Amino acid sequence: MDVPRTATTALGDRSVAGKRCLEAGAGVGNATAGLLANGAERVYAVTNDRDHARTTRRRVADAGSGGNDGDDDHTGDRLAVLEADLRAIPLPDGAVDVITAHGLCNVLDPAALSAVAEEFSRVAAPDAQLVVDDYDPPPDDAAISELFAVENAASELARGRPALTFYPAAFLRRFFAGHGWEFQRERTLLEPVPWTESHVSAHAERAASMAAACSGEPGDALATTARRLKSEIGSASAGRMYGLAFRLPA
Amino acid sequence: MQTRPLGDTGHDSSVMTFGAIALNWLEQEGANQLVEHVLDYGVNHFDVAPEYGDAELKLGPKLRQHREDIFLGCKTQERTYEGAWRKLDRSLNRLGVDSIDLYQVHGLEYDEELDAITGDDGALAAFREAKEQGLIDHIGLTSHGDPDLILDALDRIDDLETVMFPLNPVVAGKDDDEYDYEAVLARADAKNIGTLGIKAFAAGSWPPTDELPEADRPFSNWYRPVTAPDEIRERFDFAAARGLTSVISAGDPKLVTMILEAAADYDGMDEAAQRSLIERVRHDDSPVPEQLHH
């Protein structure tokens with residue numbers, strides 16, 4: 001299983017071997033793959049998205065059976081994919097030594113982010129590490145920003161909250177410090193961020209489907225705009241993805 | 001154009017090497033012009049092979065005119081002593097020169113071939129005799145095969161001075177050992193062996209011939225190349241920034257000027273931008289369903 005260079009770079013200077021890890025917001029399992037490759041004793045990949053849970057399980061299972069170098073043996077035994085809300089993580093207090101939030105915070109609005117941070121503090125063992133990888137707000141004049149704005153407008157209409165909130169690195173650094181995490185370092189993972197056709201399409205389709213769930217003209221207009229932007233933008237490179245690392249004082 | 005020491009050879013190679021296969025697709029007059037054009041940009045390292053159609057013959061006239069300005073790499077696919085001598089003589093004749101600066105074992109692919117070339121009756125025995133006679137100056141190896149095999153070759157051939165292998169963001173994004181050419185780069189660096197990068201501009205394979213017959217391909221490269229100036233530039237920057245001594249230009253003459261421009265302007269690529277490129281091409285060819293994040 002190929003581990004994206006964003007994940008290998010974010011985890012490169014972290015001590016993961018033999019540790020109990022939580023991938024918060026599994027996505028398609030990118031950080032899970034990195035944690036397993038770096039010798040994690042156990043990875044709890046928590047997501048509230050059934051498709052993401054399935055994708056993560058399948059990727060890791062495929063890699064285990066592929067066995068390219070023999071090191072992947074039993075990766076399946078070291079992974080538990082849990083379908084759950086991160087605001088109520090189904091793990092006991094002090095259960096994990098490493099927490100990764102790889103591309104997670106941008107899908108959490110401030111209220112959700114606060115609740116999730118409380119849970120991180122609860123499940124983290126003394127001396128635990130926290131890895132937070134996310135995106136600085138993309139430049140206002142980037143075409144991709146317009147698509148994200150449409151996606152957020154559709155989400156506000158449909159669900160009463162934004163789909164995406166891009167927190168600046170400095171914001172999350174101070175935010176997690178406020179939750180007792182000691183800041184260790186910041187890295188630039190991607191600059192510019194390559195929003196490929198596949199990303200642009202995924203965001204546009206999500207915006208369009210949320211817009212379609214709203215009745216009336218605004219929903220129709222947003223769906224049309226999302227699809228127009230998808231074909232206009234194609235792909236775009238803009239902004240920065242950063243990686244922050246913290247530890248919890250013992 | 002920036003130059004870098006080519007391992008222990010004592011030669012400083014331009015950061016772009018001219019892949020002279022491009023001359024095969026031109027008439028002699030055009031070939032002469034392309035060589036002048038490449039030299040004008042400050043390229044001082046050329047690479048050719050007898051397998052590249054008429055490239056050796058078409059390189060000949062301008063090579064002889066500018067012999068002192070060109071570090072000439074040539075190669076052979078022969079694995080035996082006799083075969084290597086025969087091909088070396090033939091290349092010297094076709095190129096019309098007295099000596100070749102770098103003579104390389106071409107396209108090593110199988111373990112048995114490594115055994116063959118290093119054996120008493122192997123190609124390398126001929127290379128060494130030719131070196132003693134002043135017909136070649138340095139010994140190299142090229143392969144787009146298994147990185148483990150290349151690593152073995154680096155360990156087993158004591159007088160190897162250069163190695164040529166693929167390096168681009170597509171292979172750099174893959175973790176499997178079969179794509180781990182970065183390990184080759186690291187080992188070569190540790191041994192102070194010069195590194196020459198091929199396939200820097202590869203975007204992917206050509207479609208199957210029943211979809212796109214060979215005669216309908218718009219470029220003569222073995223692979224489907226990137227063709228837009230921006231893409232060429234970032235591919236060049238990526239390969240050069242990974243630490244190769246020199247990046248070999250793509251085999252189609254239509255691409256050469258764009259690559260020369262990129263090479264002339266090269267001033268590094270930071271690691272975040274390299275990862276950005278790896279991430280972009282990984283998504284272009286990803287088995288994972290559409291994603292919102294990186």
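Residues numbered from 1 in each chain as written. Chains lettered and ligands numbered in written order. Predicted model: local features only at pLDDT ≥ 70, side-chain atom pairs only at ≥ 80, totals over all residues.

A. Structural detail: the confidence of the model for chain A. Model confidence for chain A is summarised by a mean pLDDT of 92, while 95% of its residues fall at 70 or above. Scored below 50 in pLDDT, residues 65-72 of chain A shows 7 contacts in the model against residues more than four places distant or in partner chains. (pLDDT = per-residue confidence, 0-100. Contact = placed C-beta atoms within 7 Å.)

B. Here's a closer look at the packing of helix α4 (residues 111-118) of chain B against helix α6 (residues 147-156) of chain B. Residue and element names in this part refer to chain B. Two elements in contact, α4 and α6, have axes separated by 10 Å at closest approach and are oriented at 20 degrees. Here α6 runs roughly parallel to α4, going by the angle between their axes. Taken as a pair, α4 and α6 cross one another with a handedness that is right-handed. Between α4 and α6, the residues in contact are D111, L114 and T118 and L149, D152, A153 and R156, respectively. (Axes fitted to C-alpha atoms, helices over the stretch in contact; angles between N-to-C directions. Helix = DSSP H or I, 4+ residues; strand = E, 2+ residues; numbered from the N terminus. Parallel < 35°, antiparallel > 145°, perpendicular 65-115°, else oblique. Left-handed = near helix turned anticlockwise from the far one by under 90°.)

C. Layout of the interface of chain B and chain A. Counting residues at the interface gives 23 residues for chain B, matched by 28 residues for chain A. Looking at side-chain class alone, the side of chain B that touches chain A contains 6 nonpolar, 7 polar and 10 charged residues. (Nonpolar A, V, L, I, M, F, W, Y, C, P; charged D, E, K, R; others polar.)

D. Inspection of the sheet that holds strand β7 (residues 136-142) of chain B at higher detail. Residues and elements named next belong to chain B. Strand order in the closed barrel formed by 8 strands is β3-β4-β5-β6-β7-β8-β9-β12, with parallel pairing between adjacent strands. Pairs of neighbouring strands in the sheet enclose a mean axial angle of 30 degrees, with direction left out of account. Note: strand β4 (residues 45-47) against strand β5 (residues 71-76), 3 bridges, orientation parallel. If you follow F46 over to β5, its bridge partner there is L72. Sitting on the sheet, helix α3 (residues 81-95) touches β5 and β6 (100-105), and the angle it makes with β5 is about 140 degrees. (Pairing = 2+ DSSP bridges.)

E. How the structure looks around the sheet that holds strand β5 (residues 124-135) of chain A. Residue and element names in this part refer to chain A. Across the sheet, which stays open at both edges, the 7 strands sit in the order β3-β2-β1-β4-β5-β9-β6 with mixed pairing between neighbours. Both edges of this open sheet fall to β3 (79-83) and β6 (182-190), since each of them pairs with a single strand only. For this sheet the average axis-to-axis angle between neighbouring strands, irrespective of direction, equals 15 degrees. The pairing of strand β1 (residues 20-24) with strand β2 (residues 42-47) spans 5 bridges and is parallel. Across the sheet, residue R20 finds its bridge partner in β2, namely R42. Along the sheet, helix α7 (residues 169-178) makes contact with β5, β6 and β9 (241-247), crossing β9 at roughly 15 degrees.

F. Just the packing of helix α6 (residues 143-159) of chain A against helix α8 (residues 197-212) of chain A, in detail. Residues and elements named next belong to chain A. Where α6 meets α8, the closest approach of the two axes is 8 Å, and the angle between their N-to-C directions is 30 degrees. The pairing of α6 with α8 is recorded here as roughly parallel in orientation. Viewed along their axes, α6 and α8 form a crossing whose handedness is left-handed. Contact residues: L147, V150, E151, A154, S155 and A158 in α6; V200, H203, A204, R206, A207, M210 and A211 in α8. Of the residues in the contact of α6 with α8, the class split is 9 nonpolar, 2 polar and 2 charged.

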